[in-house]
Amino acid sequence: MTRSTLRQPAAMVATAMCALTLALLPPAPLRAQSRPAQPRTGNVIPGIEVLLTDSLHLIKGKRVGLLTNHSGRDRKGTSTIDLLFNAPGVKLTALYGPEHGIRGEAKAGEKISSGVDAKTGVTVHSLYGAVETPTPDMLKDIDVLLYDIQDVGARVYTYQWTLALTAASAGKPIIVLDRPNPIRADRFEGNILDLKFRSLVGQHAVALRYGLTPGELMRYLVGTKALNAQVTVIPMKNYTRAMWFDETGIPRVNPSPNLRTLDAELLYPGTVFFEGTNATEGRGTEAPFTLMGADYLTDHVAIARTLNTLKLPGVRFDTATRTIEPGYKFGGKTIPMIKVTVTDRNAVKPVELGIRMLRAFYAAHPNQFMWREPTVNAAGRIKGIDRLAGTDQLTKAVEAGTVDALIAQWNADAAKFASLVKPYLLYR
């Protein structure tokens, strides 16, 4: 097999030299109509299956820790936990759970307790609760740590940063079992994080839609010395950068409770901004991150019309009303909303879409639309919207009506990032 490693300089250079020949595929031409859902005709083999078939020697005889959740599984649906627990010569001695827990059932932001996996009896250490990085005591029984989680290709997701924090502090070899970027690994959008705003929704200076697989992201961070860790990547087989997740042949599992469709994952890098406002991003409805609204949005018909006049590529804005489930913003209320429908997923620019929607809400309701209060994190008291955006420039542009200039700057950032990562790519 072809295995990527950043453990030895010579191996890294060899892989990098190969990767330097790769070129990002050009964007697909714009289409007027939605492309129908693709049948699962692909044959992408995820990293866990590659490990078990031809790289098991990397962990045989070692005490193995596994950072995973419900999305870590083979194509038959068998959990990576069970696969490693039953693998010959492998000693699975510890499990580590990110946001939403080891089985992916907890709500966003809900703190997770440590415990024991009922099926295997292996100790589970939570990395989304009292601690976000493993303590020495949590690591004492392992020789190597494996990572197998499906993320969504957006900087504002927490899974990859739990991995980065763990890799930086563990002092143990890390093996990343690679998985697809579900919204294509040849698209880059949005600003590069300003490290003054780093948090668990953005730890390192990467673009908002970063166009990398989990393994490639770690290669980039280690290769550029943003992260000091010993990382090996087990690449997928048969994967190409322009693939959408439904073209890989890997059965889909919701990566977290509120990302329930591939369209929602595509829109997420932009519509997630509404988490930092007093409008709702659609949690508590059947379609989070495709429905945005507020009880004061009584002019939602006019706002949808305004957004449609912008002719943003690949989407249509419609109106809706929804009764929000208790426990979320506007819980128990029936509120007006804007529904975003993807008409051509290859044309959608989710980050620009999110910025334009924020501006539309603010322009229509400058006295009612507000940014949520700051919360405490490692960087101090920072507004939630600034942590999500990785900068305080988004709020300023929305309020001043200068979003055109902001989008142009963020497009330049994305192009810069696309150039920076080329030496670390693993797939064509």
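You'll find the structure just up there.
Below is a summary of the structure that appears in this document. (Residues numbered from 1 in each chain as written. Predicted model: local features only at pLDDT ≥ 70, side-chain atom pairs only at ≥ 80, totals over all residues. Heavy atoms only, no water.)

1. Some words on the environment of leucine 267
Residue position: leucine 267 is located in helix H7 (residues 262–271). Look at leucine 267 and you get buried, because its relative accessible area is 0%. Residues leucine 267 and proline 350 lie 83 residues apart in sequence; the distance between their C-alpha atoms is 5.0 Å. Once residues lying within four places of it in the same chain are set aside, the contact partners of leucine 267 are Phe289, Thr290, Val315, Val340, Val342, Val348, Pro350 and Leu353. (Helix = DSSP H or I, 4+ residues; strand = E, 2+ residues; numbered from the N terminus. Buried < 20%, exposed > 50% of the residue type's maximum accessible area, 1.4 Å probe, protein only. Contact = heavy atoms within 4.5 Å.)

2. Re the sheet that holds strand S11 (residues 291–293)
Sheet architecture is open: three strands sit in the order S11-S13-S12, paired in antiparallel fashion. Taken across any chain shown, the strands that pair with only one partner, and hence form the sheet edges, are S11 and strand S12 (315–323). Averaged over all adjacent pairs, the angle separating strand axes in this sheet is 35 degrees, with direction ignored. Pairing between S11 and strand S13 (residues 334–342): three bridges, direction antiparallel. When the bridges of S13 are listed, glycine 293 appears paired with methionine 337. The sheet strands contacting H7 are S11, S12 and S13, and the helix crosses S13 at an angle near 110 degrees. Contacting S12 and S13, helix H8 (residues 300–309) runs over the sheet at an angle of about 160 degrees to S12. (Pairing = 2+ DSSP bridges. Axes fitted to C-alpha atoms, helices over the stretch in contact; angles between N-to-C directions.)

3. Looking at the pattern of salt bridges
Within this structure, the stated rule accounts for 23 salt bridges. The salt bridge partner of arginine 187 is aspartate 186, with a shortest N-O separation of 4.0 Å. Of the two residues, arginine 187 and aspartate 186, neither departs from the other in class, the shared state being buried. Linking arginine 209 and glutamate 189 is a salt bridge whose minimum nitrogen-to-oxygen distance equals 2.5 Å. Residue arginine 209 is located in strand S9 (residues 207–209), and its partner glutamate 189 is located in strand S8 (residues 189–192); the two are separated by 20 residues in the primary sequence. Across the pair, exposure class does not vary: arginine 209 and glutamate 189 are buried alike. Through salt bridges with shared partners, one network takes in Glu275, Glu281, Arg283 and Lys329. (Salt bridge = Lys/Arg side-chain N within 4 Å of Asp/Glu carboxyl O.)

4. Side note on the pairing of strand S10 (residues 231–234)
Alternating positions in S10 separate into two faces, Val231 and Val233 on one and Thr232 and Ile234 on the other, with burial throughout. As paired elements, strand S7 (residues 174–177) and S10 share four bridges and run parallel to each other. If you follow isoleucine 174 over to S10, its bridge partner there is valine 231.

5. A closer look at helix H11 (residues 393–400)
Taken as a whole, H11 has its buried residues at Leu394, Thr395, Ala397 and Val398. The buried residues of H11 occupy one face: seen down the axis, they fall within an arc of 165 degrees. Looking at the buried positions of H11, the neighbouring elements they touch are helix H9 (350–364), helix H10 (384–389) and helix H12 (403–420). The positive-phi residue at the C-terminal boundary of H11 is glycine 401, with phi of around 75 degrees. (Arc of directions from axis to C-beta.)

6. What about the nonpolar core?
The biggest cluster of nonpolar side chains holds 110 residues, and the ones touching the most others in it are Phe273, Phe317, Met357, Phe361, Leu394 and Phe417. Among the elements that take part in this core, H9 stands out by supplying eight residues, more than any other. Sequence-distant contacts of phenylalanine 273, that is, excluding residues within four places in its chain, are made with Leu208, Val351, Gly354, Ile355, Leu358, Ile385, Leu388, Ala389, Leu394 and Trp410. If you look at the next biggest cluster of nonpolar residues, it comprises 24 residues, including Ile45, Leu92, Val144 and Ile234. (Core = buried A, V, L, I, M, F, W, Y, C linked by side-chain atoms within 4.5 Å.)

7. Some thoughts on the packing of aromatic side chains
In this description, a pair of aromatic rings is defined by centroid distance and the angle of the planes. Under the defined criterion, the tally for this structure stands at 12 aromatic pairs. Considering the side-chain rings of tyrosine 220 and tyrosine 424, the 5.8 Å spacing of their centres and the 75 degrees angle between planes classify their relative orientation as edge-to-face. Taken together, the residues span a long stretch of sequence, with tyrosine 220 in helix H6 (residues 214–223) and tyrosine 424 in the segment after H12 at a distance of 204 residues. Accessibility classification places tyrosine 220 together with tyrosine 424 in one group, the buried group. A ring pair is formed by tyrosine 268 and phenylalanine 289, whose centres lie 4.9 Å apart and whose planes are at 85 degrees; its orientation type is edge-to-face. A residue pair is termed long-range when its members are at least 10 positions apart, and tyrosine 268 in helix H7 and phenylalanine 289 in the loop between H7 and S11 qualify at 21 residues. Neither tyrosine 268 nor phenylalanine 289 differs from the other in exposure class; each is buried. Connected via pairs of aromatic rings, a cluster forms that spans Phe274, Phe361, Tyr362, Phe369 and Trp371. (Phe/Tyr/Trp six-rings, centres within 6.5 Å; stacked < 30°, edge-to-face > 60°.)

8. Looking at the packing of helix H5 (residues 159–170) against H6
Interhelical geometry of H5 versus H6 gives an angle of 40 degrees and a closest axis separation of 11 Å. Relative to H6, the element H5 lies oblique. The handedness of the crossing between H5 and H6 comes out as right-handed. Contacts from Gln160, Trp161, Leu163, Ala164 and Ala167 of H5 reach H6 at Leu217, Met218 and Leu221. A breakdown of the residues in the contact of H5 with H6 according to their chemical character gives seven nonpolar, one polar and no charged. (Parallel < 35°, antiparallel > 145°, perpendicular 65-115°, else oblique. Left-handed = near helix turned anticlockwise from the far one by under 90°. Nonpolar A, V, L, I, M, F, W, Y, C, P; charged D, E, K, R; others polar.)

Note that every value here comes from positions in space, so none of it alone points to a role or purpose.
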